[in-house]
Amino acid sequence: MNSRRSWVVFGVGAFLYLSAVLQRTSLGVAGVAAADRFDVAAAALSTLAVVQIAVYAAMQIPVGVLIDRFGPRTLMLAGTAVMVGGQLVVAFAPSLGLAVIGRILVGAGDATVFVSLIRLVSSWFSGRIVPQLSQWVGNIGQLGQVLSALPFAWILRSYGWTPAFVSAASVSALGLVLGFIALKDRPAGTGDEHRVTDIRVAIRQLVESFKRPGTQLGFWSHFVTQSPGTVFSLFWGFPFLVFGLGYDQQTAAELLLLLVGAGIVTGPFLGILTARYPLRRSNIVLGIVAAMGAAWAVLLLWPGQPPLGVVMLMLVVIGVGGPGSLIGFDFARTFNPMRSLGAANGVVNVGGFLASFVMIFLIGILLDLQNAVRTAGGEASDLYSLTSFRWAFAIQYVVVGIGVGFLLEARRRTRRRVLADEGIEVGPIWVSLVQAWKHRGERR
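Where an unreviewed UniProt entry is consulted, the protein chain appears under the name MFS transporter, with the organism given as Leifsonia stereocauli. The annotation that UniProt attaches to the protein chain under Subcellular location (unreviewed entry) is "Cell membrane".

Pasting the structure below:
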């Protein structure tokens with residue numbers, strides 16, 4: 001199955017995802033320019049990112065159902081076309097309201113690309129290479145953030161808002177042409193047995209996928225690992241680096257690339273670990289979350305201005321959360337049949353973006369509240385001070401902490417389901433582990 005055509009499909013699909021990430025993250029380096037262009041407060045400005053992510057998250061489950069019904073190629077191409085239109089609306093928007101409409105279209109189109117590509121990988125490849133390719137999908141896609149941090153940011157500074165967003169849209173337009181030429185749902189000669197023929201059947205499969213503890217484990221794994229990096233790279237990181245820490249815009253854009261670099265370096269290793277130690281995947285997720293929490297704690301609790309090295313360390317650590325979140329899709333692949341994999345992947349992909357848009361909005365509210373309190377007390381107003389950011393970013397511990405609690409519960413139920421399916425008595429954990437180990441030896 002892993003033919004030359006398979007790699008062509010993978011390459012073109014990965015380019016479409018790369019262009020989608022460019023559209024998604026373009027606002028991250030345009031936050032300062034957006035504040036100047038639309039002249040609004042932090043909470044209102046954050047709606048640009050919040051509505052985009054909210055639409056993205058809300059579309060994941062419907063998109064998953066539609067992939068199972070109509071195939072990934074159709075959804076991927078339609079979504080890319082919608083993204084191009086949305087970025088053009090943003091490019092020429094004279095007001096915040098019209099820009100929000102454009103970002104809604106960007107979020108809706110973006111919602112179709114990643115889960116469609118994951119389905120294509122499962123259709124064109126098989127074996128232990130699948131989780132590794134899933135990691136490479138994430139790595140290649142994150143190069144879109146490099147495009148937003150370097151050439152897009154340069155065009156934005158040099159030529160202004162409209163040329164920058166038009167140039168970003170043109171990348172997805174190129175991908176749309178390549179997709180029409182090269183993409184195909186499955187290899188020639190293979191059956192269409194995994195295509196759902198009735199939308200009601202697809203919805204029923206969605207409900208079944210959602211009820212599976214393994215799907216829920218994937219959802220919460222994605223929830224806790226992806227969100228910190230997404231919040232930082234997609235919106236609040238650039239204002240934090242520029243206003244909170246006082247870096248110039250070029251330095252801030254370059255620092256954001258550390259998230260991408262960390263993901264590119266660690267992603268292949270996580271793919272190998274996921275394939276080699278499938279029974280330790282949740283431990284890998286929890287280890288990544290613990291490391292991110294520790295890195296943020298060092299930065300937020302540092303007395304005074306944190307040194308550049310501490311900032312860089314934090315960016316590297318949260319950058320690992322991107323490829324770490326892809327482990328959630330491996331849970332979906334493991335615990336769901338191919339016919340409902342699109343819906344299961346959609347459920348998983350909601351997790352990180354649900355957490356992200358909640359945190360982006362709450363951070364904006366907390367910044368505004370602190371500003372209002374200082375103004376009412378007669379103090380000088382400094383909306384984007386380092387102290388304000390410290391208190392606002394601390395909300396991540398609440399959101400991610402809730403996610404970790406649900407993850408542990410989903411893991412417990414998933415393990416019980418696996419043991420029950422294997423005919424192993426589900427009792428005290430030490431009894432179950434001993435029986436599982438004996439059963440493993442018998443199966444060998």
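And the narrative resumes.
Visitor: Any chance you could break down the overall build of the protein chain for me, citing the residues and the numbers?
Guide: In terms of regular secondary structure, the protein chain is built from 18 helices and zero strands. Split into buried and exposed, the 444 residues of the protein chain put 55% on the buried side. Carbon together with sulfur atoms contributes 68% to the accessible area of the protein chain, which is approximately 17,700 Å² in total.

Visitor: Can you tell me about a nonpolar patch on the surface, naming the residues and giving the values?
Guide: The grouping of V82, L98, I101 and L105 at the surface amounts to a nonpolar patch, some 280 Å² of accessible area in total. With three residues, helix α5 (residues 96–124) is the largest single contributor of residues to the nonpolar patch. Turning to its location among the elements, L105 is positioned in helix α5. Its relative accessible area of 32% is what places L105 among the partly exposed residues.

Visitor: Before we move on, can you summarise helix α1 (residues 4–25) with the specific residues and values?
Guide: Taking 1.5 Å of rise per residue, 22 residues should cover 32 Å, and α1 covers 31 Å from first to last C-alpha, within 8% of that figure. Along α1, 16 of the 22 residues are buried, which leaves the element largely enclosed by surrounding structure.

Visitor: Lay out the nonpolar core in plain terms, naming residues and giving numbers.
Guide: In a soluble, globular protein the nonpolar side chains are often hidden away together inside. Formed by 125 residues in total, the largest nonpolar core has its most connected members in L48, F232, W236, F240, L241 and F393. With 14 residues, the top contributor of residues to this core is helix α9 (residues 213–244). Every residue in contact with F393, bar those within four places of it in the chain, is listed here: F232, W236, F240, W296, L300 and I363.

Visitor: Can you tell me about the packing of aromatic side chains, naming the residues and giving the values?
Guide: All chains considered together, the criterion is met by 22 aromatic pairs. Judged by centre distance (6.4 Å) and plane angle (70°), the ring pair of W236 and F389 falls under edge-to-face. Within this pair, whereas W236 is found in helix α9, its partner F389 is found in helix α16 (residues 386–393), the two being separated by 153 residues in sequence. Judged by its relative accessible area of 0%, W236 is buried. Joined through ring pairs, the aromatic side chains of F232, W236, F240, W296, F389 and F393 make up one cluster.

Visitor: Go over the environment of L27, please, and point to the residues and values.
Guide: The topology assignment puts L27 in the loop between α1 and α2 (31–38). In sequence terms L27 and L234 are 207 residues apart; their C-alpha atoms lie 6.6 Å from each other. Discounting residues that sit within four places of it in the chain, L27 has contacts with L48, A49, R103, L234 and F235.

Visitor: How would you summarise the pattern of salt bridges if you had to cite specific residues and measurements?
Guide: With the rule as written, the count across this model stands at five salt bridges. Residue R412 pairs with E409 through a salt bridge whose shortest N-O separation is 2.6 Å. Of this pair, R412 and E409 both sit in helix α17 (residues 395–421), three residues apart, roughly one helical turn. Judged by its relative accessible area of 40%, R412 is partly exposed. The class for E409 is partly exposed, based on a relative accessible area of 33%. One salt-bridge network, held together by shared partners, links R281, D330 and R333.

Visitor: Pulling in residues and values, what's your account of the environment of G261?
Guide: Along the polypeptide, G261 turns up in helix α10 (residues 249–276). Judged by relative accessible area, which is 30%, G261 ranks as partly exposed. Taking the C-alpha atoms as reference points, G261 and L315, 54 residues apart in sequence, are found 9.7 Å from one another.

Visitor: Which residues make up the side chain of S282, and what values do they have?
Guide: Looking at the secondary structure, you find S282 in helix α11 (residues 281–301). Residues contacting S282, with those up to four places away along its chain left out, are F331, R411 and R415.

Visitor: I'd like to hear about the packing of helix α15 (residues 341–376) against α16, residue by residue, with values.
Guide: Their axes nearest at 9 Å, the elements α15 and α16 cross at an angle of 135°. Classed by the angle they form, the pair α15 and α16 counts as oblique. Seen from above, α15 lies across α16 with right-handed handedness. Residue-level contacts link I363, L366, L367, Q370 and R374 of α15 to T387, S388, F389, W391, A392 and F393 of α16. Here the residues of the contact of α15 with α16 are counted per class, giving seven nonpolar, three polar and one charged.

Thresholds applied
- Residues numbered from 1 in each chain as written.
- Predicted model: local features only at pLDDT ≥ 70, side-chain atom pairs only at ≥ 80, totals over all residues.
- Heavy atoms only, no water.
- UniProt positions renumbered as here; feature names shortened; annotations may be inferred.
- Helix = DSSP H or I, 4+ residues; strand = E, 2+ residues; numbered from the N terminus.
- Buried < 20%, exposed > 50% of the residue type's maximum accessible area, 1.4 Å probe, protein only.
- Areas by Shrake-Rupley, 256 points an atom, 1.4 Å probe, with all protein chains shown as cover.
- Patch = residues over 30% accessible without salt bridge, like charges linked within 9 Å, V, L, I, M, F, W, Y side chains within 5 Å.
- Salt bridge = Lys/Arg side-chain N within 4 Å of Asp/Glu carboxyl O.
- Expected span 1.5 Å × (residues − 1).
- Core = buried A, V, L, I, M, F, W, Y, C linked by side-chain atoms within 4.5 Å.
- Contact = heavy atoms within 4.5 Å.
- Phe/Tyr/Trp six-rings, centres within 6.5 Å; stacked < 30°, edge-to-face > 60°.
- Axes fitted to C-alpha atoms, helices over the stretch in contact; angles between N-to-C directions.
- Parallel < 35°, antiparallel > 145°, perpendicular 65-115°, else oblique.
- Left-handed = near helix turned anticlockwise from the far one by under 90°.
- Nonpolar A, V, L, I, M, F, W, Y, C, P; charged D, E, K, R; others polar.

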